[in-house]
Number of protein chains: 2
Amino acid sequence: MTGTSTRAAIAEAARRQFQAGGYAATSVRSVAAEAGVDAALVMRHFGSKEQLFIETIDVEGAFEQALDGPADGLGERLVSLVLDDRLGRVFRTTYRAMIRATDSDQVRAHLLEAMDATLAAPLAARLTGPDARLRARLVAAQVGGLLEAVAILEDPVVTGAPAADVARWYGAAVQALVDGDA
Amino acid sequence: MTGTSTRAAIAEAARRQFQAGGYAATSVRSVAAEAGVDAALVMRHFGSKEQLFIETIDVEGAFEQALDGPADGLGERLVSLVLDDRLGRVFRTTYRAMIRATDSDQVRAHLLEAMDATLAAPLAARLTGPDARLRARLVAAQVGGLLEAVAILEDPVVTGAPAADVARWYGAAVQALVDGDA
DNA sequence: GTCTATAAGGTGATAGAC
DNA sequence: GTCTATCACCTTATAGAC
């Protein structure tokens, strides 16, 4: 096994286990075992479990699809994307793993930056009216709240409701911030 | 030291440490040390660290103050309460500790029920129009998203903005779900 | 680069004596 | 109720063979 493929095998096993079981439940040993290498190699390649997590987990480009298109209906598109069985699935498990690992300041900073880069910053550039930057971050907070409800707390009222209903109600609330209604 | 006062001393030390440092960073041994007892006693009294957390941490009555009063302006009152330096402080640290500990199914269920009992259920009883129960839970999701932004991710744009601005913008978005605008 | 072996220090939890 | 001793496990890290 060459160097890069060993590193890739570790990263792949880590990504899978972090998404499936979260940060705390995933051990360096179990990642090494799945990758077919020794635990010491994981440390050698990534330095620490924390760094392995940060370099492995990512949400890049998650919202591109919803951000494309007109400002009208953007709120509903964002909500629908998050709820979509197929498109939102990896993002939901990834977000859950990251939030639960925010005990670590590095993970917290990484998640904050990821949400900014993939959602708040591109959105802020599109918003008109006062406090565009703040409003974009508050939209990100709303999206985070929805992710929390469906992926972390698994609220049965929300997950059990028709996605179209959730998209209509929550989408309208998101749209209020997009439009700048206050 | 008698039985009940020992239990109370353990609970008090646990509550303080869980709020200050979160679930993972708090050890049964450190709680026992602060309470002036042996670590085994903590297990004897509470059964597990998980159970100690659940029985110790609580958010009861956190939103009563905002839920009182007219439906008009309720969104803004909720947001202001969460952001208030004094009134929202314990709730923010408690919520943060709980969210980060939702790896545990017991903690997850406890937090879900706490948010329902203190916010979603009393709110649902007041809402008029269709999907009242769902809308109340989505309001809870929005509040959770704001808590996440200020207490977990510590978004500098949100925490650095004037509380009145955040209350106006985010409050209006919450109010959209309270009023049933869709 | 790769791997084996091992160490230090911490964790939750349990058994059993007093 | 209280405490001592102990278990099995974890992460981080290092030394050294190949």
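Right, let's walk through the structure included here.

Calculation notes
- Residues numbered from 1 in each chain as written.
- Chains lettered and ligands numbered in written order.
- Predicted model: local features only at pLDDT ≥ 70, side-chain atom pairs only at ≥ 80, totals over all residues.
- Heavy atoms only, no water.
- Patch = residues over 30% accessible without salt bridge, like charges linked within 9 Å, V, L, I, M, F, W, Y side chains within 5 Å.
- Areas by Shrake-Rupley, 256 points an atom, 1.4 Å probe, with all protein chains shown as cover.
- Salt bridge = Lys/Arg side-chain N within 4 Å of Asp/Glu carboxyl O.
- Lys, Arg positive; Asp, Glu negative; His and termini not counted.
- Charge placed at Lys NZ, Arg CZ, Asp CG, Glu CD.
- Buried < 20%, exposed > 50% of the residue type's maximum accessible area, 1.4 Å probe, protein only.
- Core = buried A, V, L, I, M, F, W, Y, C linked by side-chain atoms within 4.5 Å.
- Contact = heavy atoms within 4.5 Å.
- Axes fitted to C-alpha atoms, helices over the stretch in contact; angles between N-to-C directions.
- Helix = DSSP H or I, 4+ residues; strand = E, 2+ residues; numbered from the N terminus.
- Parallel < 35°, antiparallel > 145°, perpendicular 65-115°, else oblique.
- Nonpolar A, V, L, I, M, F, W, Y, C, P; charged D, E, K, R; others polar.
- Buried area = accessible area lost by both parts, 1.4 Å probe.
- Polar contact = N/O pair within 3.5 Å; in protein donor to acceptor, adjacent residues only side chain to side chain.
- Least-squares fit on C-alpha atoms with pLDDT ≥ 70 in both.

### Describing a negative patch on the surface
Here's step 1: A contiguous patch of negative charge, built from Asp58(A), Glu60(A), Glu64(A) and Asp68(A), is present on the exposed surface.
Here's step 2: Here Asp58(A) falls in the partly exposed class, since its relative accessible area comes to 43%.

### Regarding the nonpolar core
Here's step 1: Among the nonpolar cores identified, the biggest contains 137 residues, and Phe63(A), Val166(A), Phe63(B) and Val166(B) are the most heavily contacted of them.
Here's step 2: Setting aside residues up to four positions removed in sequence, Val166(A) forms contacts with Val79(A), Leu83(A), Leu146(A), Val158(A), Ala161(A), Gly171(A), Leu134(B) and Leu138(B).

### Side note on the packing of helix α4 (residues 49–56) of chain A against helix α8 (residues 105–126) of chain A
Residue and element names in this part refer to chain A.
Here's step 1: Packing of α4 against α8 leaves a shortest axis separation of 10 Å and a crossing angle of 10 degrees. In terms of axis orientation, α4 runs roughly parallel to α8. Along the contact surface, α4 presents Glu50, Gln51, Phe53 and Ile54, while α8 presents Gln106, Val107 and His110.
Here's step 2: Considered class by class, the residues forming the contact of α4 with α8 number three nonpolar, three polar and one charged.

### Quick notes on the interface of chain A and chain B
Here's step 1: If you look at the interface, chain A gives 44 residues, while chain B gives 44 residues.
Here's step 2: In total, about 4,000 Å² of surface goes out of reach between chain A and chain B, with carbon and sulfur atoms giving 67% of it.
Here's step 3: Taken as a group, Arg100(A), Leu153(A) and Trp169(A) account for 19% of the area that chain A buries against chain B, more than any other trio of residues on that side.
Here's step 4: At the junction of chain A and chain B, the tally comes to four salt bridges.
Here's step 5: Here chain A and chain B share ten residue pairs in polar contact (both at pLDDT 80 or more) between them.
Here's step 6: Residue assignment for the side of chain A that touches chain B shows that the elements contributing at least two residues are α1 (3–25), α7 (89–100), α8, α9 (132–152), α10 (156–160) and α11 (163–179) of chain A.
Here's step 7: Tallying contributions element by element places α9(A) first for the side of chain A that touches chain B, with 13 residues.
Here's step 8: Here the side of chain A that touches chain B is built from residues that sort into 25 nonpolar, six polar and 13 charged.

### Some remarks on the relation of the copies chain A and chain B
Here's step 1: Between the two copies, chain A and chain B, the superposition gives an RMSD of 0.1 Å; the rotation angle is 180 degrees and the shift along the axis is 0.0 Å. Between the two chains, the operation in question is that of a two-fold axis. Ranked by how close their C-alpha atoms come to the rotation axis, the residues of chain A are headed by Gly145(A), at 1.8 Å.
Here's step 2: When the interface residues of chain A are mapped onto chain B, 100% of them again lie at the interface, so the same face is used by both copies.

This is a description of form; function is not addressed.
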